[in-house]
Amino acid sequence: MALTSEQRRKNLRLAVALFSVALVFALGFVAKALLFGL
Amino acid sequence: MSAVLPHPVDHGHDHEHDHAHGHPHGWRRWLFATNHKDIGTMYLLFAFTMFLVGGTLALLIRLELFQPGLQYFNPELFNQFTTMHGLIMVFGAIMPAFVGFANWMIPLQIGAADMAFARMNNLSFWLLIPAAIMLASGFFLPGGAPAAGWTLYAPLTLQMGASMDSSIFALHIMGASSIMGSINIIVTILNMRAPGMTLMKMPMFVWTWLITAYLLIAVMPVLAGAITMTLTDRHFHTSFFSPAGGGDPVMYQHVFWFFGHPEVYIMILPAFGIISQVVPAFARKRLFGYTSMVYATSSIAILSFIVWAHHMYTTGMPVTGQLFFMYATMLISVPTGVKVFNWLATMWRGSMTFEAPMLWAVGFIFVFTMGGFTGLICSMAPIDIQLQDTYYVVAHFHYVLVAGSLFGMFSGYYYWAPKWTGVMYSETRGKIHFWSSLIFFNVTFFPMHFLGLAGMPRRVADYPMQFADFNAVASIGGLCFGLSQVYFLLFVVVPAMRGKGEPAPQRPWEGAEGLEWEVPSPAPWHTYETPPKLDRTATKVIG
């Protein structure tokens, strides 16, 4: 059974939240080192 | 966050029926794969291939160390072998293998039709191939493969040839693959469970992977950041880790181990999950202390973030820092002990039989616990300062990663392969594989404790005569352990892939519980297309 659009939206929302966490960890860490030193 | 799929209106649909419509064939089936079982199979085959490549490097290492003196390889090439062995085993073999298990089993165990993002799942897998090629190609680049150790410590990494760049790029790609895989797993578990499959009714394998996926999302970006900074130090005139420009190489170690220690648990928690499935099945009892298992796994994951500097006692840390990381590390033995005692309590007065999956599980508990104890010994700063970078540490982490992760995977393979392939493996062959692996694993790695205690450093191609005997024993053990895995490939895996063997029943293990045993063997291409209706324990389909 294909996922309903509601389920797709829920999945996507959670995925974007998780991806943003990963992005903040990677870029935030480098940006902090760059701007304020290690 | 804990939403589950709603009941469909129509329960009359036979979810076990294999719908073959649109079923791609030939190379398209694999290249464009979006089916979780196909992708799981590809992950497992890829991981096993990399395991053989990494294993070959290990045997070359043991070949050189068979006798004192330089026999076959110069020290530089030897260092390339140790580095590539570590990188390939960690990023190419163990991690993808567990993702393969996750792909195969998580949708089946929670009653989902597939992973949440099937196309991203395809991308996660296929990214691994160019990454692996790029990693392995280092041997053919000027200057040879990276030789800075799998930890890629600065400033060594700043002095390596072009292969360091290709390896860093390969790790970036593998990291992206892992993060995508983790997002997929978390979304699948949290959003796509069958109705009635509450979080606290999930199988332990699913629980351990949920926690592992969170760990991956938290630490893989940190590794990506650290190696990006190494890259900019190499090519863009920054000095994050280069002491020549005012950078701090010790800071690299802190950042690396902030990734590296949780990574250890990323490589062992799914094995804990597999053992927590296998032991109850062959003890014919429910898992003892399910709730405490879940909390223990979570505790291990949380604690793994505050122990990283126990890898760095010799870098000149203040005593208060040493004490903090020492006690925090010792604390991890509490939830780990909870898990070990729960497995023992599950076996206690159980109606146990010892088919291959159970043999591997019991072997895991016994040998992994030995690795855990040496870990406890290494956690103590005064002792670790003596043991740092000796073969004692090599023995310790191979007891955890080989006897832990690998034995756990073998247990899972023998347990679930009948469901994957539709045929039973030969019990005799499974037992030969187990006993030869267990014996030769110990022949290989147990003497390394003595070598380390006697002061033999790791990552050396030559050593004084006093270490000769134990090294010869370890090399013979390593060769035999490697041959045991070739036996597994030729006499267990290949026949299973060819469909040779007794047809597997739907539930081949009398005591096994869970939704994966509610579908035929081999599992049809499509399963649980409509969410199944579950019984009170969420282990049986009732409609």
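For the structure itself, look to the data block above.
What counts as what
Residues numbered from 1 in each chain as written. Chains lettered and ligands numbered in written order. Predicted model: local features only at pLDDT ≥ 70, side-chain atom pairs only at ≥ 80, totals over all residues. Heavy atoms only, no water. Helix = DSSP H or I, 4+ residues; strand = E, 2+ residues; numbered from the N terminus. Rg over C-alpha atoms; globule rule 2.2 N^0.38 Å. Buried < 20%, exposed > 50% of the residue type's maximum accessible area, 1.4 Å probe, protein only. Contact = heavy atoms within 4.5 Å. Lys, Arg positive; Asp, Glu negative; His and termini not counted. Charge placed at Lys NZ, Arg CZ, Asp CG, Glu CD. Areas by Shrake-Rupley, 256 points an atom, 1.4 Å probe, with all protein chains shown as cover. Salt bridge = Lys/Arg side-chain N within 4 Å of Asp/Glu carboxyl O. Core = buried A, V, L, I, M, F, W, Y, C linked by side-chain atoms within 4.5 Å. Phe/Tyr/Trp six-rings, centres within 6.5 Å; stacked < 30°, edge-to-face > 60°. Axes fitted to C-alpha atoms, helices over the stretch in contact; angles between N-to-C directions. Parallel < 35°, antiparallel > 145°, perpendicular 65-115°, else oblique. Left-handed = near helix turned anticlockwise from the far one by under 90°. Nonpolar A, V, L, I, M, F, W, Y, C, P; charged D, E, K, R; others polar. Polar contact = N/O pair within 3.5 Å; in protein donor to acceptor, adjacent residues only side chain to side chain. Bend = angle between axes of the 7 residues up to and from the residue.

Colleague: Would you mind going over the overall build of chain B with me for this structure?
Modeller: When helices and strands are counted, chain B shows 15 helices and zero strands. Taking 24 Å as the expected radius of gyration for a compact globule of 543 residues, we find that chain B reaches 23 Å, a close match to that expectation. With the C-alpha coordinates of chain B rotated into their principal frame, the extents come out at 70 × 50 × 50 Å. Counting all 543 residues of chain B, 60% fall into the buried class. For chain B, long-range pairs separated by at least 24 residues make up 82% of all intrachain contacts whose partners lie at least 6 apart in sequence. Averaging the positions of the 24 positive and the 25 negative side-chain charges in chain B gives two centres separated by 8 Å.

Colleague: What is the right way to look at the overall build of chain A in this model?
Modeller: Looking only at helices and strands, chain A features one helix and zero strands. Its C-alpha atoms give chain A principal-axis dimensions of roughly 50 × 10 × 5 Å. Residues classed as buried in chain A amount to 29% of the 38 residues present. Surface summary for chain A: the accessible area is close to 2,600 Å², and the carbon and sulfur share equals 74%.

Colleague: Just checking my understanding: could you explain the pattern of salt bridges for this structure?
Modeller: Side chains bearing opposite charge may pair, as long as their charged atoms lie close to each other. Residues and elements named next belong to chain B. In total, this model carries seven salt bridges over all chains according to the counting rule given. Ionic pairing is found between Asp165 and Arg234, a salt bridge with its closest N-O pair at 2.7 Å. Taken together, the positions of Asp165 in helix H5 (residues 162–191) and Arg234 in helix H6 (residues 204–235) put the pair 69 residues apart, joining distant regions of the chain. For the residue pair Asp165 and Arg234, the accessibility class agrees, reading buried in each case. Residue Arg286 is joined to Glu513 by a salt bridge in which the shortest nitrogen-to-oxygen separation is 3.1 Å. Here the residue Arg286 occupies a position in the loop between helix H8 (269–283) and helix H9 (290–303), and Glu513 occupies one in the segment after helix H15 (468–497), the gap between them amounting to 227 residues.

Colleague: Would you explain the nonpolar core in this entry?
Modeller: Most often, soluble globular proteins have nonpolar side chains that are buried together. Among the nonpolar cores identified, the biggest contains 193 residues, and Phe91, Trp209 and Phe364 of chain B are the most heavily contacted of them. The biggest single contributor to this core is helix H3 (residues 75–110) of chain B, with 21 residues.

Colleague: Which parts of the structure should I look at to understand the packing of aromatic side chains?
Modeller: Residues and elements named next belong to chain B. Taken as a whole and assessed by the stated rule, the structure comprises 56 aromatic pairs over all chains. With 5.6 Å between their ring centres and 80° between their planes, Phe446 and Phe450 make a pair best called edge-to-face. Taken together, the residues span about one helical turn, with Phe446 and Phe450 both in helix H14 (residues 427–453) at a distance of four residues. Residue classification places Phe446 among the partly exposed residues on the basis of a relative accessible area of 33%.

Colleague: Help me understand the side chain of Glu263 of chain B in this model?
Modeller: All names here are of chain B. Topologically, Glu263 is positioned in helix H7 (residues 249–266). Here Glu263 sits buried without a salt bridge, and the closest side chain of opposite charge, Arg458, lies 14 Å off (N-O distance). With sequence-adjacent residues up to four places away left out, Glu263 is seen in contact with Val90, Met95 and Met220.

Colleague: For this particular structure, what's the right way to read the packing of H3 of chain B against helix H4 (residues 118–136) of chain B?
Modeller: Helices that pack against each other are described as a pair by the angle of their axes relative to one another and the distance between those axes. Residue and element names in this part refer to chain B. Their axes nearest at 12 Å, the elements H3 and H4 cross at an angle of 165°. With respect to their mutual orientation, H3 and H4 come out roughly antiparallel. In the crossing of H3 with H4, the sense of the turn from one axis to the other is left-handed. On H4, the residues touching Met84, Leu87, Ile88, Pro96 and Asn103 of H3 are Asn121, Leu128, Leu135 and Ala136. Of the residues assigned to the contact of H3 with H4, the class counts are seven nonpolar, two polar and no charged.

Colleague: Just checking my understanding: could you explain the packing of helix H13 (residues 391–421) of chain B against H14 of chain B for this structure?
Modeller: All names here are of chain B. At a minimum axis distance of 8 Å, the contact between H13 and H14 shows a crossing angle of 165°. The angle between H13 and H14 falls in the class roughly antiparallel. Considering only the axes of H13 and H14, their crossing is left-handed. Among the residues forming the contact of H13 with H14, the class breakdown is 17 nonpolar, eight polar and no charged.

Colleague: Explain unusual backbone geometry here, please?
Modeller: Glycine aside, the phi torsion of most residues is negative, and most peptide linkages are trans. Residues and elements named next belong to chain B. Here the bond from Ala154 into Pro155 is cis, since omega is 5°, no more than 30 degrees from zero. In this structure, Pro155 sits in the loop between H4 and H5. With an omega dihedral of -5°, the bond running from Ser521 to Pro522 counts as a cis peptide bond. By the element assignment, Pro522 lies in the segment after H15. Located in the positive-phi region is His237, a residue other than glycine, with phi close to 60°. Within the secondary structure, His237 is located in the loop between H6 and H7. For His237, a relative accessible area of 77% gives the class exposed. Positive phi, normally seen in glycine, also occurs at Tyr528, with a value near 50°. Summarising the element assignment, Tyr528 is placed in the segment after H15.

Colleague: In this structure, what is going on with the environment of Gly196 of chain B? I would like to understand it.
Modeller: Residues and elements named next belong to chain B. Tracing the chain through its elements places Gly196 in the loop between H5 and H6. Judged by relative accessible area, Gly196 falls into the partly exposed class, the value being 41%. Sequence separation between Gly196 and Pro532 is 336 residues; the distance between their C-alpha atoms is 9.3 Å. Not counting chain neighbours up to four residues away, the residues in contact with Gly196 comprise Lys201, Leu534 and Ala538.

Colleague: Could you clarify how one ought to interpret the side chain of Ser436 of chain B in this entry?
Modeller: All names here are of chain B. In this fold, Ser436 is placed in helix H14. Given the relative accessible area of 16%, Ser436 is considered buried. A polar contact is formed between the side chain of Ser436 and the backbone oxygen of Ile432, at a distance of 2.8 Å.

Colleague: Explanation requested: the interface of chain A and chain B in the structure shown.
Modeller: A common measure of how large an interface is: the accessible area buried when the components associate. Residue-level contacts link 19 residues of chain A with 28 residues of chain B. Counting across the interface, chain A meets chain B through zero salt bridges. Counting across the chain A and chain B interface gives two residue pairs in polar contact (both at pLDDT 80 or more).

Colleague: What am I meant to see in H13 of chain B here?
Modeller: For an α-helix, 3.6 residues make a turn, and residues three or four places apart therefore share a direction. At Tyr415 of chain B, H13 of chain B is bent by approximately 45°, the largest bend along its length, and proline Pro418 of chain B sits one to four residues beyond. Immediately beyond the C-terminal end of H13 of chain B, within one or two residues, lies Gly422 of chain B, with a positive phi of roughly 85°.

Colleague: So what exactly am I meant to see when it comes to the environment of His261 of chain B here?
Modeller: Residue and element names in this part refer to chain B. Tracing the sequence through the fold places His261 in helix H7. Relative accessible area serves as the criterion here: at 6%, His261 is assigned to the buried category. Filtering out sequence-adjacent residues up to four positions away, His261 remains in contact with Ser304, Val307, Trp308, His310 and His311.

Everything listed is a geometric property; what it means functionally is a separate question.
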